[in-house]
Protein chains: 2
Amino acid sequence: MISVEEARSRILAALSATPAETVPLAGGWNRILARPVLSRVTQPPADVSAMDGYAVRAAEAVEGASLAVVGSAPAGHPFAGSVGPGEAVRIFTGSLVPPGADAILLQEDAEAAEGRVRVTETVRQGRWIRRRGLDFAEGEELLPAGRRLTARDIGLAAAANHPWLAVHRAPRIGLLATGDEIALPGDPIPPGGIVSSNTHALAALVRAGGGDPLVLPIAPDDSRAIAEAAVAARACDLLVTTGGASVGDHDLVQAALGPQGFELDFWQIAMRPGKPLIWGRLGATPVLGLPGNPVSALVCAVQFLTPAIERLSGLPGGPPRTLRALAGAPLAENDRRFDHLRATLAEGADGQPVATPFPVQDSSMLKVLSRAEALILRAPRAPAVPAGTPVEVIPLGDLGI
Amino acid sequence: MISVEEARSRILAALSATPAETVPLAGGWNRILARPVLSRVTQPPADVSAMDGYAVRAAEAVEGASLAVVGSAPAGHPFAGSVGPGEAVRIFTGSLVPPGADAILLQEDAEAAEGRVRVTETVRQGRWIRRRGLDFAEGEELLPAGRRLTARDIGLAAAANHPWLAVHRAPRIGLLATGDEIALPGDPIPPGGIVSSNTHALAALVRAGGGDPLVLPIAPDDSRAIAEAAVAARACDLLVTTGGASVGDHDLVQAALGPQGFELDFWQIAMRPGKPLIWGRLGATPVLGLPGNPVSALVCAVQFLTPAIERLSGLPGGPPRTLRALAGAPLAENDRRFDHLRATLAEGADGQPVATPFPVQDSSMLKVLSRAEALILRAPRAPAVPAGTPVEVIPLGDLGI
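A quick note: this is a predicted structure, and the numbers were derived from the prediction, not measured.

Calculation notes
Residues numbered from 1 in each chain as written. Chains lettered and ligands numbered in written order. Predicted model: local features only at pLDDT ≥ 70, side-chain atom pairs only at ≥ 80, totals over all residues. Heavy atoms only, no water. Pairing = 2+ DSSP bridges. Helix = DSSP H or I, 4+ residues; strand = E, 2+ residues; numbered from the N terminus. Axes fitted to C-alpha atoms, helices over the stretch in contact; angles between N-to-C directions. Buried < 20%, exposed > 50% of the residue type's maximum accessible area, 1.4 Å probe, protein only. Arc of directions from axis to C-beta. Contact = heavy atoms within 4.5 Å. 1 Å grid on protein atoms, 1.4 Å probe; cavity = no way out; pocket = protein on both sides within 12 Å on 5 of 7 lines; lining within 4 Å. Points joined across faces, edges and corners; volume = space filled by probe spheres on them. Nonpolar A, V, L, I, M, F, W, Y, C, P; charged D, E, K, R; others polar. Domains from an automatic or database assignment. Parallel < 35°, antiparallel > 145°, perpendicular 65-115°, else oblique. Left-handed = near helix turned anticlockwise from the far one by under 90°. Salt bridge = Lys/Arg side-chain N within 4 Å of Asp/Glu carboxyl O.

**Structural notes on the sheet that holds strand S6 (residues 87-91) of chain A**
All names here are of chain A.
- Reading across from one edge, S7-S4-S6-S5-S9-S8 is the order of the six strands in this open sheet, with mixed pairing throughout. Of all the strands in the sheet, the pair left with one neighbour each is strand S7 (103-106) and strand S8 (110-113). Neighbouring strand axes in the sheet, compared pairwise and without regard to direction, differ in orientation by 40 degrees on average.

Here it is, written out as structure tokens:
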């Protein structure tokens, strides 16, 4: 059995980013930039007013002075002339400052009457003028490749005059559930069978991570069905199977994929819930085999699939984000498997988060996983600790997982 | 001028959730459930094995005993008979426990040979059996209305045999930029003009919040164009305008919308960046008028539009999530406007987050907003504080904003 960290490192090392595609600006949101965005314009394009008021010559605009208003410059309609001695031009936020003016007299510091304006507060040179290029200059790199684009970044790329962006293609993740005992929701349930939940939960998790899920029909426990589905999934950037990965008598996934050119890098991981996991490659397509147990499958997905999607999407990928919380109950000594206790997360008296494990941690309990707000991480051989001890947790509310 | 809190309360009070729609299971991810999900099945449907091993009668399965293996029960293929005295049935994780058996002998505690199995570790009654209904029972409410659905919730709804979900329709948010001086990215830029970024950034912000953005063509500063666009937006759950909201001479939005049946509940908000804001109603459609300045528009969107989308989506809506950080630099005394300082967010020496404001806070600087990781909140009249003082911040990385 290998550690969670080593397993994740081996998975990430085998993956690389999808190639770039061109998307319209708005389609770039939450995607990973494949080429840097260099500004195509200078912003502001010239000196502009930061306020509503009057463009003036500062040397003249002293308290009590009276200036002739020779024109107006609404934003988008620059004043054609210049501001001469004794003159002022009505101006608005974002308007170009006309030649000759070197400061803005604020509207509230001026009294306008009959084509003239009286200064009620002396103006300082350069005041309320935003200089050309204050925000950014033409040719400047505004957004680096490899960045996950926020709404603010989309605004910045727009302001830099980019109608299109080059981003990594959303990785297509094939999802294949195996097993004779499972049925799709709403379909007839076989005797002793259960409703298949894994591919649906994983499809949502893939979407949450920015991937493009492809749910394949359920493959019964039959080599041929599994092999056929695997062939259908060759167009995927990653094939994820669930079930058939344990070491029992009915573990057909490995056997079924062999004749299809599957190179097995099988391992068991020293983790709970989880343990049985397949990692390998089917021709060019990497294959991640998750346990069939829904709770195990989802916890393994948080540890391995989400980082894999990040790497395929153009990010480095790495461990899930964790935060420090206080244990809300005593924690027992851990065995040799890295444990993930399903827990609630609440704010304690002093504002620190408190993570309290559910009393029953059976890995078949999907309802408990749905209610959980965090996974308390317990290292192999971690000693028993009393309530109030700091622990590391993966917050589950983040990212829609 | 009213406070940020009062403005948000008035906005939220005027909005209600969109009606429900039926979506396929996977389409429910990140949506707000409109009707509770009650389980249609009991899970597990009967007593099942929690491990691979042998179904046995515990009273007989003592160390050293030898039992006849009378059959096998792979998951999905229940054993047709029962386990009699001196008998055992091969069983796998998830398999139904055959009648007669009351415990599972673990595979690793058994030696199998020639149709018999020898017990190497005494079995306790009930051990490794998951009881019928351990996870959930038919008719049980698993997911309440009003919940934002996670990937785990989708898995739970699937396991409860729901192929469809009733969720609130994603609110359609019309986005209308106004102004003679703005051009779409890639289009010719008028003299003294700039590239329009607001609607693109806001479209991404709407998507980040789970809404459905509708970007309307730019309306020049002309009553008729604005009025036409407003009419086109009547099918929206909320119309958001940018620009034309300040009190200068060129504020046409209010004037243009009046003849269309616009009821103005205008206010100025005591905040920075921001201040000019329109709130009202055009017939049945609520209207939020944001400032034209891109930084102001986005900060106002974080404070008002995202909560509005939450309310429209079926959540209560409320202030943005904040966290406590330490000021990374001294902060000046604040005036009467609630301030939002653009800041970086890093982990300090003791693990606490440290928020350091950018040296220049000019509200025209979109690049700085894109680089910002947090907004430091400064209450009206907040006193000057030294570096290291705890401050409240809105983390911007969350939610793709």
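**Here's the deal with helix H1 (residues 4-13) of chain B**
Residue and element names in this part refer to chain B.
- When H1 is considered as a whole, its buried residues turn out to be Val 4, Ala 7, Arg 8, Ile 11 and Leu 12. Each buried residue of H1 sits inside an arc of 130 degrees when the element is viewed along its axis, so together they form one side.
- Taken together, the buried residues of H1 touch strand S19 (267-268), strand S20 (271-272), strand S21 (276-282), strand S22 (285-290), helix H6 (294-313) and strand S24 (338-347).

**With respect to empty space enclosed by the protein**
- A full pass over the atoms with the stated rule returns four cavities of 30 Å³ or more.
- Taken as a whole, the largest cavity encloses approximately 60 Å³ of empty space.
- In this structure, the largest cavity is lined by Asn 30, Arg 31, Ile 32, Arg 148, His 168, Arg 169, Ala 170, Pro 171, Gly 209, Gly 210 and Ser 313 of chain B.
- Taken together, the residues that form the lining of the largest cavity break down as three nonpolar, five polar and three charged.
- There are two domains that each give the lining of the largest cavity at least three residues, and those are domain 1 (4-17 + 170-313) and domain 2 (21-43 + 140-168) of chain B.
- Around the second largest cavity sit Asn 30, Arg 31, Ile 32, Arg 148, His 168, Arg 169, Ala 170, Pro 171, Gly 209, Gly 210 and Ser 313 of chain A, which together line it.
- Partitioning the lining of the second largest cavity into residue classes produces three nonpolar, five polar and three charged.
- Structurally, the lining of the second largest cavity is a two-domain feature, drawing no fewer than three residues from each of domain 1 (4-17 + 170-313) and domain 2 (20-39 + 141-168) of chain A.

**So, the packing of helix H3 (residues 198-208) of chain B against H6 of chain B**
Residues and elements named next belong to chain B.
- The interhelical angle for the contact between H3 and H6, taken along N-to-C directions, is 30 degrees, at an axis separation of 11 Å. The angle between H3 and H6 places the two elements in the roughly parallel class. Once H3 is placed against H6, the crossing between them reads as right-handed. Here Asn 198, Ala 201, Leu 202, Leu 205 and Val 206 of H3 come into contact with H6, specifically with Pro 294, Ala 297, Leu 298, Ala 301, Val 302, Leu 305, Thr 306 and Ile 309.
- The residue inventory of the contact of H3 with H6, partitioned by class, reads eleven nonpolar, two polar and no charged.

**Some points on the sheet that holds strand S4 (residues 53-56) of chain B**
Residue and element names in this part refer to chain B.
- The strand order across the open sheet formed by six strands is S7-S4-S6-S5-S9-S8, and the pairing between neighbours is mixed. Here the strands that pair on one side only, and so sit at the sheet edges, are strand S7 (103-106) and strand S8 (110-113). Direction aside, the axes of adjacent strands within the sheet are offset by 40 degrees on average.
- The pairing of S8 with strand S9 (residues 116-119) spans four bridges and is classified as antiparallel. Paired with Ala 110 across the two strands is Val 119, which belongs to S9.

**Details of the packing of H1 of chain B against H6 of chain B**
Residue and element names in this part refer to chain B.
- Interaxial distance between H1 and H6 falls to 10 Å at its minimum, and their mutual angle equals 30 degrees. On the basis of their axis angle, the class for H1 and H6 is roughly parallel. Here H1 and H6 pass one another in a crossing that is right-handed. Contacts between H1 and H6 pair Val 4, Ala 7, Arg 8, Ile 11, Leu 12 and Ala 13 from the former with Gln 303, Phe 304, Pro 307, Ala 308 and Arg 311 from the latter.
- Of the residues assigned to the contact of H1 with H6, the class counts are eight nonpolar, one polar and two charged.

**Examining the pattern of salt bridges**
- Enumeration over the complete set of coordinates arrives at 28 salt bridges over all chains.
- The salt bridge involving Asp 265 of chain A is made with Arg 10 of chain A; its shortest N-O contact spans 2.6 Å. One end of the pair, Asp 265 of chain A, is in the loop between strand S18 (262-264) and strand S19 (267-268); the other, Arg 10 of chain A, is in helix H1 (residues 4-13), and 255 residues separate them in sequence.
- Relative accessible area serves as the criterion here: at 30%, Asp 265 of chain A is assigned to the partly exposed category.
- Of the residues examined, Arg 10 of chain A reaches a relative accessible area of 30% and is grouped as partly exposed.
- A salt bridge links Asp 212 of chain B to Arg 172 of chain B, with the shortest nitrogen-to-oxygen separation between them at 3.4 Å. Here Arg 172 of chain B lies in strand S13 (residues 172-177) and Asp 212 of chain B lies in strand S16 (residues 212-215), a separation of 40 residues in the sequence.
- Residue class for Asp 212 of chain B comes out partly exposed when judged on its relative accessible area of 29%.
- Given a relative accessible area of 34%, Arg 172 of chain B falls into the partly exposed group.

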